[in-house]
Amino acid sequence: MNKSSFIFASLLLTGCQSSENHLTEEQASNIIIEHHGGTVEIVSVTKEWNKYIVAWETEDKCERGIDSVNKNGEIKNLGSAIC
């Protein structure tokens, strides 16, 4: 293996490792619960590439929605509705 091949392989492996999700499903759920005030019921959690997609609902506020949580714990609202 020549020097340039070794560097390319190292960069490729480093890039793949950094894209791993370091957040667990439970942590992602807890982030959403905390973000929405603790009255949230988690409906489902699915893992996509480097984030979790969390469907949630609240009875007291009559809301439901879907948020994504990335590996850094950052939340992005993908959609929500009020009854």
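Residues numbered from 1 in each chain as written. Predicted model: local features only at pLDDT ≥ 70, side-chain atom pairs only at ≥ 80, totals over all residues. Heavy atoms only, no water.

A.B. asks: What's the story with the overall build of the chain in this structure? I'm lost.
C.D. replies: A count of helices and strands for the chain gives 2 helices and 4 strands. Secondary structure elements of the chain, listed N to C terminal, follow the sequence α-α-β-β-β-β. A total of 83 residues make up the chain; the buried ones form 22% of that total. Accessible area for the chain stands at about 5,900 Å²; split by element, carbon and sulfur atoms hold 54% of it. (Helix = DSSP H or I, 4+ residues; strand = E, 2+ residues; numbered from the N terminus. Buried < 20%, exposed > 50% of the residue type's maximum accessible area, 1.4 Å probe, protein only. Areas by Shrake-Rupley, 256 points an atom, 1.4 Å probe, with all protein chains shown as cover.)

A.B. asks: Help me out: how do you make sense of the confidence of the model for the chain in this one?
C.D. replies: Interpreting fine coordinate detail is not advised for predicted regions of low pLDDT. With 75% of its residues at a pLDDT of 70 or more, the chain has an overall mean of 82. Segment residues 8–19: pLDDT under 50, and 5 contacts once partners within four positions in sequence are set aside and those in other chains are kept. (pLDDT = per-residue confidence, 0-100. Contact = heavy atoms within 4.5 Å.)

A.B. asks: Help me understand the environment of Ser80 in this model?
C.D. replies: Mapped onto the elements, Ser80 comes out in strand 4 (residues 75–82). In sequence terms Ser80 and Trp56 are 24 residues apart; their C-alpha atoms lie 9.1 Å from each other. Setting aside its immediate chain neighbours within four residues, Ser80 contacts Trp56, Arg64 and Gly65.

A.B. asks: Looking at this structure, how should I read the nonpolar core?
C.D. replies: Grouped burial of nonpolar side chains is what soluble globular proteins tend to show. Residues Leu23, Ala28, Ile32, Val40, Val45, Tyr52, Val54, Trp56 and Val69 constitute the largest nonpolar core, which totals 9 residues. A per-element tally of this core places strand 2 (residues 51–58) first, with 3 residues. Beyond its immediate chain neighbours, meaning those up to four positions away, Val54 contacts Ala28, Ile32, Ile42, Ser44, Val45, Gly65, Ile66, Asp67 and Val69. (Core = buried A, V, L, I, M, F, W, Y, C linked by side-chain atoms within 4.5 Å.)

A.B. asks: Looking at this model, I keep getting lost on the pairing of strand 2. Mind explaining?
C.D. replies: Put simply, side chains in a regular strand alternate between the two faces of the sheet. Most of strand 2 is tucked away, with 6 of its 8 residues classed as buried. Two elements, strand 1 (residues 41–48) and strand 2, share 7 bridges in a ladder whose sense is antiparallel. Residue pairing across strands places Glu48 opposite Lys51, the latter belonging to strand 2. In sequence, strand 1 turns back onto strand 2 through a hairpin of 2 residues, with Trp49 there showing a positive phi of about 20°. (Pairing = 2+ DSSP bridges.)

A.B. asks: Sorry, what's going on with the pairing of strand 3 (residues 63–70) here?
C.D. replies: Bridge count for strand 2 against strand 3 is 8 bridges, and the pairing is antiparallel. Across the sheet, Lys51 pairs through a bridge with Asn70, a residue of strand 3. The turn linking strand 2 back onto strand 3 is made up of 4 residues, and Cys62 within it adopts a positive phi angle of 55°. As judged from the 7 bridges shared by strand 3 and strand 4, these two strands associate in the antiparallel manner.

A.B. asks: Help me understand the state of the cysteines, please; the structure alone is not making it clear to me.
C.D. replies: Throughout this description, disulfide means a covalent bond between two cysteine sulfur atoms. Taken as a whole, this structure holds 1 disulfide when the rule is applied. Bridging Cys62 to Cys83, the disulfide has an S-S length of 2.0 Å. With the S-S bond torsion at -115°, the cross-link from Cys62 to Cys83 turns out left-handed. With Cys62 in the loop between strand 2 and strand 3 and Cys83 in the segment after strand 4, this pair connects stretches of sequence that are 21 residues apart. Given the relative accessible area of 62%, Cys83 is considered exposed. (Disulfide = S-S within 2.5 Å.)

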